[in-house]
Structures are given as structure tokens and as C-alpha cells.
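Architecture and fold: a report
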Amino acid sequence: MNEKEVVEKAIEYVNLFGYVKWHELKSIEFINEKSIWKVIFYAKQNESNEVIKYKLEVDNLSGDISNLQMIEN
């Protein structure tokens, strides 16, 4: 997977939840030892319009997404 594919997959995944919508990419990093992409981004809550920072991981080989977590600023 390349960086663009990872971001597109992450946006699609986040927007599926319904209570948040992807807002902005903060950073993306490939961690070679684990063969995963670490994506840090901002998402806007639908009800309050509050923007919150999150992170998730995308497996480079399978494309599976895991470890979606809210990050405190």
C-alpha cells in the first residue's frame, strides 16, 4: 500500500461510524518493523462539531485497520 491508499482507506473507515467525520490528516508514518502505517488525524463529532485527535493503524499487507484511539492533546 502507498500513503495515498492508506489515507483513503482510513477516511472511509472513520466515516463509517456515523458519529464522527474525517476532518484533517495530521501525520502518517510507516513502521517497518511491524509493517503498519500509523495515521494520526482529526475528526469532527457530528453533534457538537468538536474536533478531536485520533490515531489508527493500517496493516500494510492486509489493509486491516486496528487500534483506533482518541488522543488527548
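These numbers come from a predicted model, not from an experiment.

With that out of the way, let us pick up the nonpolar core. Val14, Trp22, Val39, Phe41 and Leu56 are the most contacted members of the largest nonpolar core, which totals 16 residues. Looking at this core, the elements with two or more residues in it are α1 (3-15), β1 (20-31), β2 (36-45) and β3 (51-59). The residues touching Val39, leaving out its near neighbours within four places in the chain, are Val6, Trp22, Leu25, Ser27, Ile28, Tyr54, Lys55 and Leu56.

By the bridge criterion, five bridges tie β3 to strand β4 (residues 65-71) in an arrangement that is antiparallel. Paired with Glu57 across the two strands is Ser66, which belongs to β4. Joining the antiparallel neighbours β3 and β4 is a turn of five residues, in which Gly63 adopts a positive phi near 80°.

On to a nonpolar patch on the surface. A cluster of nonpolar side chains, contributed by Phe17, Tyr19 and Leu68, occupies part of the molecular surface with about 270 Å² of accessible area. Take Phe17: its relative accessible area is 36%, and that puts it in the partly exposed class.

So, how was this worked out
- Residues numbered from 1 in each chain as written.
- Predicted model: local features only at pLDDT ≥ 70, side-chain atom pairs only at ≥ 80, totals over all residues.
- Heavy atoms only, no water.
- Core = buried A, V, L, I, M, F, W, Y, C linked by side-chain atoms within 4.5 Å.
- Buried < 20%, exposed > 50% of the residue type's maximum accessible area, 1.4 Å probe, protein only.
- Helix = DSSP H or I, 4+ residues; strand = E, 2+ residues; numbered from the N terminus.
- Contact = heavy atoms within 4.5 Å.
- Pairing = 2+ DSSP bridges.
- Patch = residues over 30% accessible without salt bridge, like charges linked within 9 Å, V, L, I, M, F, W, Y side chains within 5 Å.
- Areas by Shrake-Rupley, 256 points an atom, 1.4 Å probe, with all protein chains shown as cover.
- Salt bridge = Lys/Arg side-chain N within 4 Å of Asp/Glu carboxyl O.

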